[in-house]
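One-letter residues, chain by chain:
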Amino acid sequence: MLFNSHVQTLLETTVALVNGLTPGLDGGHAVLAPDEERSLRRTVREAINAQGYDVPLRRVSGDDARMIGAVAAEARRVIEDIDAADLARAAKRTNVLLRRTGARPQLDTHGPGVWNLHFHGPDDSFGVGWSAGIAAGLAMALGTTDAGRLGVCQADRCDRVHLDTSRNGGRRFCSVRCQNRTKAAAHRARQGA
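Basis of the calculations
- Residues numbered from 1 in each chain as written.
- Predicted model: local features only at pLDDT ≥ 70, side-chain atom pairs only at ≥ 80, totals over all residues.
- Heavy atoms only, no water.
- Helix = DSSP H or I, 4+ residues; strand = E, 2+ residues; numbered from the N terminus.
- Rg over C-alpha atoms; globule rule 2.2 N^0.38 Å.
- Buried < 20%, exposed > 50% of the residue type's maximum accessible area, 1.4 Å probe, protein only.
- Phe/Tyr/Trp six-rings, centres within 6.5 Å; stacked < 30°, edge-to-face > 60°.
- Core = buried A, V, L, I, M, F, W, Y, C linked by side-chain atoms within 4.5 Å.
- Contact = heavy atoms within 4.5 Å.
- Expected span 1.5 Å × (residues − 1).
- Pairing = 2+ DSSP bridges.
- Polar contact = N/O pair within 3.5 Å; in protein donor to acceptor, adjacent residues only side chain to side chain.

Student: Would you take a moment to explain the overall build of the protein for this structure?
Tutor: Tallying secondary structure elements over the protein gives six helices and six strands in all. Helices and strands in the protein line up, N terminus first, as α-β-β-α-α-α-β-β-α-β-β-α. What you see for the protein is a C-alpha radius of gyration of 17 Å, in line with the 16 Å of a compact globule of 193 residues. Taken over the C-alpha atoms alone, the protein extends approximately 60 × 40 × 35 Å along its principal axes. Buried positions account for 43% of the 193 residues belonging to the protein.

Student: Just to check I follow, could you spell out unusual backbone geometry for this structure?
Tutor: Comment: phi is negative for the bulk of residues other than glycine, and the bulk of peptide bonds are trans. Of note in this structure, Ala 85 is not a glycine but carries a positive phi near 60°. The residue Ala 85 is located in the loop between helix 3 (62–83) and helix 4 (87–101) in this model. By relative accessible area, which is 65% here, Ala 85 ends up exposed. The phi angle at Arg 157 is positive, at roughly 55°, despite the residue not being glycine. Along the polypeptide, Arg 157 turns up in the loop between strand 5 (150–152) and strand 6 (161–163).

Student: Please explain the packing of aromatic side chains as it appears in this structure.
Tutor: Here a ring pair, both rings aromatic, is described through the centre-centre distance and the interplanar angle of the planes. Taken as a whole and judged by the stated rule, the model has one aromatic pair. Ring geometry for Tyr 53 against Trp 130: centres 5.1 Å apart, planes inclined by 90°, an arrangement best described as edge-to-face. Here Tyr 53, found in the loop between helix 2 (37–49) and helix 3, pairs with Trp 130, found in helix 5 (residues 126–142); they are 77 residues apart in sequence, far enough to count as distant.

Student: Would you mind showing me how to read the nonpolar core here?
Tutor: Side chains that are nonpolar tend, in soluble globular proteins, to be buried together. With 36 residues, the main nonpolar core has Leu 11, Leu 17, Val 44, Ile 68, Phe 126, Leu 138 and Leu 150 as its most contacted residues. Secondary structure elements with two or more residues in this core: helix 1 (5–21), helix 2, helix 3, helix 4, helix 5, strand 5 and strand 6. Of the residues forming this core, the biggest block, eight residues, is contributed by helix 3. In contact with Leu 138, other than residues within four places in its own chain, are Leu 11, Thr 14, Ala 75, Val 78, Ile 79, Thr 94, Leu 97 and Leu 150. Cys 153, Phe 173, Cys 174 and Cys 178 belong to the second-largest nonpolar core, a separate cluster that totals six residues.

Student: Mind showing me how you'd approach helix 1 here?
Tutor: Since the α-helix packs 3.6 residues into each turn, any two residues three or four apart lie on the same face. For helix 1, built from 17 residues, the straight-helix expectation of 24 Å at 1.5 Å per residue is met to within 8% by its first-to-last C-alpha distance of 24 Å. Most of helix 1 sits out of view: 12 of its 17 residues are buried. Along helix 1, the residues that are buried comprise His 6, Val 7, Thr 9, Leu 10, Leu 11, Thr 13, Thr 14, Val 15, Leu 17, Val 18, Asn 19 and Leu 21.

Student: It is not clear to me how the pairing of strand 3 (residues 104–109) should be interpreted in this structure. Could you clarify?
Tutor: Strand residues, when the strand is regular, have side chains that alternate between the two faces of the sheet. Relative to strand 4 (residues 115–120), strand 3 runs antiparallel, the two sharing six bridges. Within strand 4, the position partnered with Pro 105 by the bridge is Phe 119. Taken together, strand 3 and the strand that follows it, strand 4, pair antiparallel across an intervening segment of five residues, in which Gly 111 is found at a positive phi of about 140°.

Student: What is the right way to look at the side chain of Arg 76 in this model?
Tutor: Within the element layout of this structure, Arg 76 appears in helix 3. In terms of polar contacts, Arg 76 uses its side chain to reach the backbone carbonyl oxygen of Asp 159, at 2.9 Å. Beyond its immediate chain neighbours, meaning those up to four positions away, Arg 76 contacts Val 18, Asn 19, Thr 22, Pro 23, Asp 159, Arg 160 and Val 161.

Take a look at the structure:
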C-alpha cells in the first residue's frame, strides 16, 4: 500500500469521523448525526483518540466539533465519489476542501531526526487543524493509485465508509459484521433456491 503511516492514520481518522458524524445506515440500523453539542464533541474526540491520539474533551470546543462535522460531511461525498469511480468529481470536491480549510504543509518533528509532513490550517486551532488534515489526507489518497481503497460498505442497508488496508485490496465492507450479514444472506438465498 502506498500510504505512509501518517497518511493512513489521517484517512482512518477521517473514516471514523465520517461514520460517527454523518447520518445514514449502519448494518441495517439508522444512524443519526449527533445533534447535542456535548455528544458532538465527544464523538469527535472518540474518533480522533481511537487512532492513538490523546485529546481531552475540554480541548474540543463546540465550534471545533461543528467545523469538523461539516468537513466530515463533505469527506463522505468525496469517498462516495471515489467508490463510484468518479475520481474527477472527488478531486474537485477535495480541492474545494483544501481551499476552504486553508491546508498548508508543514514539517513537524516527533523526536530527533524524525520529521513528518503535516497539514495545518491558517491557524493551529484544533478544529481548523483537523479540518485541514482531513482535506490533505483525502488529497494525498487521491494522488495515488490506491485512492480506491476508500469506499462505501457494500452490505445491504449500510452506507458506512471504510479504508481498505488489506494486502490484496479486496475489502468491500465497513466491518466483519456487515461481511458476515452479507455472507449469511447469500447462503440463505442459495439454500432457498
